[in-house]
Amino acid sequence: GLSTRLQNVFGKLRGKGKVSEDDVNEAMREVRLALLEADVNFKVVKDFIAKVKDRAIGQEMAKSFTPGMVVVDIVNKELTELMGGTQSKLAKANKPPTVILMAGLQGAGKTTSSAKLAKMLQKSNHKPLLVAGDIYRPAAIKQLQVLGEQIGVPVFTLGDQTSPVEIARSGLQHAKDNGLDYVILDTAGRLHIDAALMEELRQVHEVAKPDEVLLVVDSMTGQEAVNVAKSFHEQLELTGVVLTKLDGDTRGGAALSVKAVTGCPIKFVATGEKIEPLEPFHPERMASRILGMGDMLSLIEKAQTSIDADKAAEMERKMRTAEFTFDDFLEQMDQVRKLGPLDQLMDMMPGMGKMKEMKNLKVDEKQINRVEAIVKSMTKDEKRKPEILNHSRRKRIATGSGTTVADVNRLIKQFDDMRKMMKQFSSMMGPKGPKGGMK
Ligand code: GDP
Ligand code: MG
């Protein structure tokens with residue numbers, strides 16, 4: 001699937017200390033193919049690739065801490081943007097009830113999603129009313145009634161001999177009379193978009209004056225779902241899309257193209273035939289899910305916020321000039337500690353695989369406290385010039401810090417390892433000129 005393909009592309013990139021323009025181009029070629037194969041709209045893919053390349057080859061790589069990770073991060077951010085950026089909330093009427101019109105083709109999942117939406121609202125202490133507006137499909141009313149009973153939500157119906165417009169009007173009144181704060185209008189679908197369907201929906205719309213017009217589309221139909229959304233939106237101003245059947249063997253293309261093609265955001269996604277609360281759609285989470293790297297992205301973010309580039313540069317300078325002291329060492333350990341799961345972080349960093357073998361690089365809270373005690377028992381001279389730490393000094397430090405000579409020896413060894421690691425770090429930071437990291 002799309003996830004696996006993208007993960008392979010980025011797996012290759014991530015391992016690199018430096019990323020050339022060719023690397024980016026090569027990766028983007030593969031991303032492009034993966035997106036097209038996932039049935040993402042052609043034009044959307046083209047624009048997307050152009051944007052990512054632009055950012056990757058531009059400024060952002062220059063400042064980069066690890067360029068390979070930056071490319072992944074850019075792709076993630078652009079994917080998120082493509083799907084609308086932030087989560088779109090369900091509208092709420094100033095004066096209840098809030099009216100939600102559910103539209104869509106037959107079999108898209110309108111009735112099921114209506115019940116799921118009711119369950120979601122009920123969970124947040126609202127009192128929804130389901131209105132059975134599909135008078136054409138046999139047993140459509142019964143279907144909604146069964147679902148309503150299952151979740152304990154009232155279902156309003158006038159049978160199948162009354163017009164949908166009249167049902168909507170009466171349903172709304174029923175909600176007002178009974179203090180119900182959300183009205184979910186289930187409507188009829190057709191196999192194809194036709195004039196009669198649109199006309200009926202327009203009339204229902206006029207009477208119900210919905211706060212939300214949600215188009216329910218079946219994600220399994222891929223680009224067809226997007227085309228359907230486009231025509232509906234042109235004829236009946238939609239406020240959002242519900243993407244159903246994401247549980248199935250979907251290629252994901254619809255989720256990625258809907259917003260870009262129609263300008264209408266996905267507000268909810270639905271999975272499964274069982275009535276579970278409808279899930280709000282989070283572009284960010286979807287992007288991470290597609291890239292299959294939720295954890296990694298949060299780690300990148302952490303690394304970017306907790307490793308201060310200026311400080312790191314200063315450390316690097318100190319090391320080169322042999323000014324790197326035990327105090328700096330302490331501070332450095334503290335920075336690394338802030339990053340959290342060190343093992344994972346190491347895996348992601350180019351050239352860090354080997355460092356991981358150095359067991360004594362594992363940082364835990366207790367160990368840091370011990371290190372702190374040892375360093376504090378050192379004299380100024382000792383901190384600055386570790387080479388003067390002979391056996392008697394080490395013994396004194398151990399006693400002073402409540403540790404053992406073995407602990408002190410280990411720390412000094414660690415200090416040397418840290419210096420080596422710093423050297424690795426500094427080479428990963430790349431040259432700092434404007435073209436840094438790209439060549
Ligand atoms: P409607 O014609 O638009 O009202 O569609 P329905 O709600 O009756 O759903 C049509 C079929 O799709 C039913 O068999 C549902 O159980 C199934 N369905 C609806 N939503 C989902 C979903 O999110 N996932 C899966 N797997 N099936 C769904
Ligand atoms: Mg239905």
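Use the structure listed above.
Only a predicted model underlies this, so the values are computations on that prediction, with no experimental measurement involved.

**Describing the side chain of Thr-262**
Here comes step 1: Mapped onto the secondary structure, Thr-262 falls in helix H11 (residues 253-262).
Here comes step 2: A distance of 2.7 Å separates a polar side-chain atom of Thr-262 from the backbone oxygen of Val-258.
Here comes step 3: In terms of polar contacts, Thr-262 uses its side chain to reach the backbone amide nitrogen of Cys-264, at 2.9 Å.

**Points about the site of ligand 1**
Here comes step 1: Taken together, 18 residues lie near ligand 1, and Gly-107, Lys-110, Thr-112, Arg-137 and Asp-247 sit nearest.
Here comes step 2: For ligand 1, an oxygen atom lies 2.5 Å from a polar atom in the side chain of Thr-112.
Here comes step 3: Residue Gln-143 places a side-chain N or O atom 3.0 Å away from an oxygen atom belonging to ligand 1.
Here comes step 4: When isolated, ligand 1 has an accessible area of 580 Å², and the protein chains bury 83% of it.
Here comes step 5: For the shell around ligand 1, the leading source of residues is helix H6 (residues 110-123), giving four residues.
Here comes step 6: Across the shell around ligand 1, the residue classes tally to three nonpolar, nine polar and six charged.

**Some remarks on the sheet that holds strand S5 (residues 212-218)**
Here comes step 1: The eight strands are arranged S3-S2-S4-S1-S5-S6-S7-S8 in an open sheet whose pairing can be described as mixed. A strand with exactly one partner marks an edge of an open sheet, and here the two such strands are strand S3 (155-156) and strand S8 (279-280).
Here comes step 2: Relative to strand S7 (residues 266-269), strand S6 (residues 240-244) runs parallel, the two being bridged by three bridges. Paired with Leu-243 across the two strands is Val-269, which belongs to S7.
Here comes step 3: Together, strand S1 (98-103), strand S2 (128-133), strand S4 (182-187), S5, S6 and S7 form the strand contacts of H6, whose direction differs from that of S4 by roughly 170 degrees.

**Some thoughts on the environment of Asn-41**
Here comes step 1: Note that Asn-41 resides in the loop between helix H2 (21-37) and helix H3 (42-57).
Here comes step 2: For the pair Asn-41 and Asn-227, spaced 186 residues apart in sequence, the C-alpha separation works out to 9.9 Å.
Here comes step 3: Those residues in contact with Asn-41 that lie beyond four places of it in its chain are Gln-223, Ser-257 and Val-261.

Reading the values: the criteria
- Residues numbered from 1 in each chain as written.
- Chains lettered and ligands numbered in written order.
- Predicted model: local features only at pLDDT ≥ 70, side-chain atom pairs only at ≥ 80, totals over all residues.
- Heavy atoms only, no water.
- Helix = DSSP H or I, 4+ residues; strand = E, 2+ residues; numbered from the N terminus.
- Polar contact = N/O pair within 3.5 Å; in protein donor to acceptor, adjacent residues only side chain to side chain.
- Near = heavy atom within 4 Å.
- Areas by Shrake-Rupley, 256 points an atom, 1.4 Å probe, with all protein chains shown as cover.
- Nonpolar A, V, L, I, M, F, W, Y, C, P; charged D, E, K, R; others polar.
- Pairing = 2+ DSSP bridges.
- Contact = heavy atoms within 4.5 Å.
- Axes fitted to C-alpha atoms, helices over the stretch in contact; angles between N-to-C directions.

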